[in-house]
Amino acid sequence: DVYRAHIFTSSGTFVVSELGDFGATVDYLVIGGGGGGGNFDAGGGGAGALKYATGQTIAEGPYSVTIGGGGSTGLLYPGGAHTPGSNSVFSLPSAVTSPGGGGGAPYKTDGGAGGSGGGGGGNPGRSVAAGSGDSGHPGGIDQTSPSNGWGNDGAVGTPNHSLAPTYGGGGGGAATAGDNGITSPYPTARGGAGGDGARYSISGTTRYYAGGGGGGSQSNPGGVPQAGPGGQGGGGDGGYGSSVPADQSHGDDAEMSTGSGGGGGGQGNPPNSFPTSGGGRGGSGIVVVRYQIGSISSAKATGGNVSFYSGKTIHT
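1. What about the pattern of salt bridges?
Consideration 1: All told, the structure shown has two salt bridges when counted by the stated rule.
Consideration 2: Across the salt bridge formed by Asp-27 and Arg-290, the nearest N and O atoms sit 2.9 Å from each other. Residue Asp-27 is found in strand β3 (residues 25–31), and its partner Arg-290 is found in strand β10 (residues 286–294); the two are separated by 263 residues along the sequence.
Consideration 3: Judged by its relative accessible area of 9%, Asp-27 falls in the buried class.
Consideration 4: Owing to a relative accessible area of 14%, Arg-290 belongs among the buried residues under this scheme.
Consideration 5: The partner of Arg-207 in a salt bridge is Glu-255, and the shortest N-O contact between them spans 3.2 Å. Within this pair, whereas Arg-207 is found in strand β9 (residues 207–209), its partner Glu-255 is found in the loop between β9 and β10, the two being separated by 48 residues in sequence.
Consideration 6: Note on Glu-255: relative accessible area 41%, which makes it partly exposed.

2. Remarks on the sheet that holds strand β2 (residues 12–16)
Consideration 1: Strand order across the open sheet formed by four strands is β2-β5-β6-β7, with antiparallel pairing between neighbours. Only two strands of the sheet have a single partner each, and these edge strands are β2 and β7 (96–98). Strand-to-strand, the axes of this sheet are offset by a mean angle of 15°, without reference to chain direction.
Consideration 2: Note that β2 and strand β5 (residues 61–66) share five bridges and pair antiparallel. What sits directly across from Val-16, in β5, is Gly-61.

3. A look at unusual backbone geometry
Consideration 1: Within the chain, Phe-40 stands out as a residue other than glycine whose phi angle is a positive 75°.
Consideration 2: Along the chain, the position of Phe-40 falls in the loop between β3 and β4 (50–57).
Consideration 3: The buried category is assigned to Phe-40, whose relative accessible area is 5%.
Consideration 4: Although it is not a glycine, Asp-142 sits at a positive phi angle of roughly 60°.
Consideration 5: Along the chain, the position of Asp-142 falls in the loop between β7 and β8 (198–200).
Consideration 6: The buried category is assigned to Asp-142, whose relative accessible area is 19%.

4. Notes on the nonpolar core
For soluble globular proteins, nonpolar side chains are generally found buried alongside one another.
Consideration 1: Ranked by size, the top nonpolar core spans 16 residues in total, and within it Phe-14, Tyr-28, Ile-58, Val-65, Phe-90 and Val-287 carry the most contacts.
Consideration 2: Sorting the residues of this core by element identifies β2, β3, β5 and β10 as the ones contributing at least two each.
Consideration 3: Looking at this core element by element, the count peaks at three residues for β3.
Consideration 4: In contact with Tyr-28, other than residues within four places in its own chain, are Lys-51, Tyr-52, Ala-53, Gln-56, Phe-90, Leu-92, Val-96, Ile-202 and Val-288.
Consideration 5: Of all hydrophobic cores here, the second largest spans 14 residues; its members include Leu-50, Tyr-52, Trp-150 and Ile-286.

5. Remarks on the layout of surface pockets
Where empty space is left can be seen by rolling a probe of water-molecule size over the atoms.
Consideration 1: In this structure, the largest pocket encloses a volume near 460 Å³.
Consideration 2: Looking at the lining of the largest pocket, the elements that each hand over two or more residues are β1 (2–8) and β11 (306–309).
Consideration 3: No other element matches β1, which puts four residues into the lining of the largest pocket.
Consideration 4: Taken together, the residues of the lining of the largest pocket break down into seven nonpolar, six polar and three charged.
Consideration 5: Lining of the second largest pocket is provided by 19 residues; of these, Val-16, Glu-18, Leu-19, Gly-20 and Tyr-291 occupy positions nearest its centre.
Consideration 6: If you list the elements that add at least two residues to the lining of the second largest pocket, you get β1, β2, β3 and β10.
Consideration 7: Here the lining of the second largest pocket is composed, by residue class, of ten nonpolar, six polar and three charged.

6. Digging into the environment of Gly-70
Consideration 1: The residue Gly-70 is located in the loop between β5 and β6 (88–90) in this model.
Consideration 2: Those residues in contact with Gly-70 that sit more than four places away from it in its chain are Gly-33, Gly-34, Gly-85, Gly-282, Gly-283 and Ser-284.

7. Considering the side chain of His-137
Consideration 1: Mapped onto the elements, His-137 comes out in the loop between β7 and β8.
Consideration 2: Residue classification places His-137 among the buried residues on the basis of a relative accessible area of 6%.
Consideration 3: A distance of 3.1 Å separates a polar side-chain atom of His-137 from the backbone nitrogen of Gly-139.
Consideration 4: A polar contact of 3.2 Å, which involves the side chain of His-137, links it to the side chain of Tyr-200.
Consideration 5: Ignoring any residue separated from it by four or fewer positions in sequence, one finds His-137 in contact with Gln-143, Trp-150, Ala-174, Ala-175, Ala-198 and Tyr-200.

Scoring rules and cut-offs
- Residues numbered from 1 in each chain as written.
- Predicted model: local features only at pLDDT ≥ 70, side-chain atom pairs only at ≥ 80, totals over all residues.
- Heavy atoms only, no water.
- Salt bridge = Lys/Arg side-chain N within 4 Å of Asp/Glu carboxyl O.
- Helix = DSSP H or I, 4+ residues; strand = E, 2+ residues; numbered from the N terminus.
- Buried < 20%, exposed > 50% of the residue type's maximum accessible area, 1.4 Å probe, protein only.
- Pairing = 2+ DSSP bridges.
- Axes fitted to C-alpha atoms, helices over the stretch in contact; angles between N-to-C directions.
- Core = buried A, V, L, I, M, F, W, Y, C linked by side-chain atoms within 4.5 Å.
- Contact = heavy atoms within 4.5 Å.
- 1 Å grid on protein atoms, 1.4 Å probe; cavity = no way out; pocket = protein on both sides within 12 Å on 5 of 7 lines; lining within 4 Å.
- Points joined across faces, edges and corners; volume = space filled by probe spheres on them.
- Nonpolar A, V, L, I, M, F, W, Y, C, P; charged D, E, K, R; others polar.
- Polar contact = N/O pair within 3.5 Å; in protein donor to acceptor, adjacent residues only side chain to side chain.

Here's what the structure looks like:
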């Protein structure tokens with residue numbers, strides 16, 4: 001079967017001018033904006049909720065598309081405000097709304113709720129609020145999502161005590177939850193990894209979307225302070241601790257148009273500095289709408305990703 005995909009990375013309108021010969025239905029992928037990473041030993045941002053469905057009835061007419069923005073960088077501690085992502089909306093007759101991801105938590109605060117939850121800040125390692133999605137994507141490609149969308153919880157930041165630095169928890173992704181910050185042993189202690197995103201081929205290219213942001217790191221007297229890696233699908237890496245240059249203490253921004261969470265900020269150099277210890281920005285959301293325009297049966301072999309171009313059959 002041959003499909004045409006309309007890929008929205010900014011808000012616009014999907015206009016059905018005429019119904020074709022292959023049914024009045026569309027498939028869609030709708031992902032909210034990712035949450036921003038928190039500031040200073042902070043949790044990573046959670047991914048926006050991911051909603052995917054096939055065979056949705058549609059009629060002629062215009063359908064608005066709203067792309068949710070990613071959350072902004074976290075505030076300097078003790079500012080406790082989270083920076084969630086914004087909702088993405090595809091206005092089918094029953095509008096499809098994918099909530100934005102929860103913001104990563106600054107030091108000493110809980111992660112924000114969202115499509116996937118943001119990671120908790122270090123000290124005292126409180127539990128983060130759960131994401132609003134059901135259980136994570138089970139793996140494979142293009143699994144139809146539940147009504148709430150795919151989403152997972154963020155993770156817990158590490159508690160502080162006299163010998164150990166603090167590390168932020170990873171933000172949740174569409175496929176898996178974020179990982180908790182790891183306190184010891186020192187050489188391997190790090191911020192929690194962001195949860196992985198889920199894999200889709202609706203755009204014509206198989207790729208991952210909606211990864212969680214990695215948790216940030218404080219100083220590490222027994223070794224190099226390790227930041228939490230962002231989740232597969234575009235999550236931003238967390239920032240490093242104060243023994244590295246200031247520009248490495250800032251959490252990385254998430255990849256745009258993936259709905260992924262930004263990385264949590266590290267301690268900063270000097271400690272508590274801003275914006276060097278700020279979190280990364282969340283990735284903006286995306287909407288993909290696909291429908292069938294033809295059918296080709298010229299393939300005489302199997303294997304690989306099969307596509308057709310200029311009368312040729314291509315196995316990649």
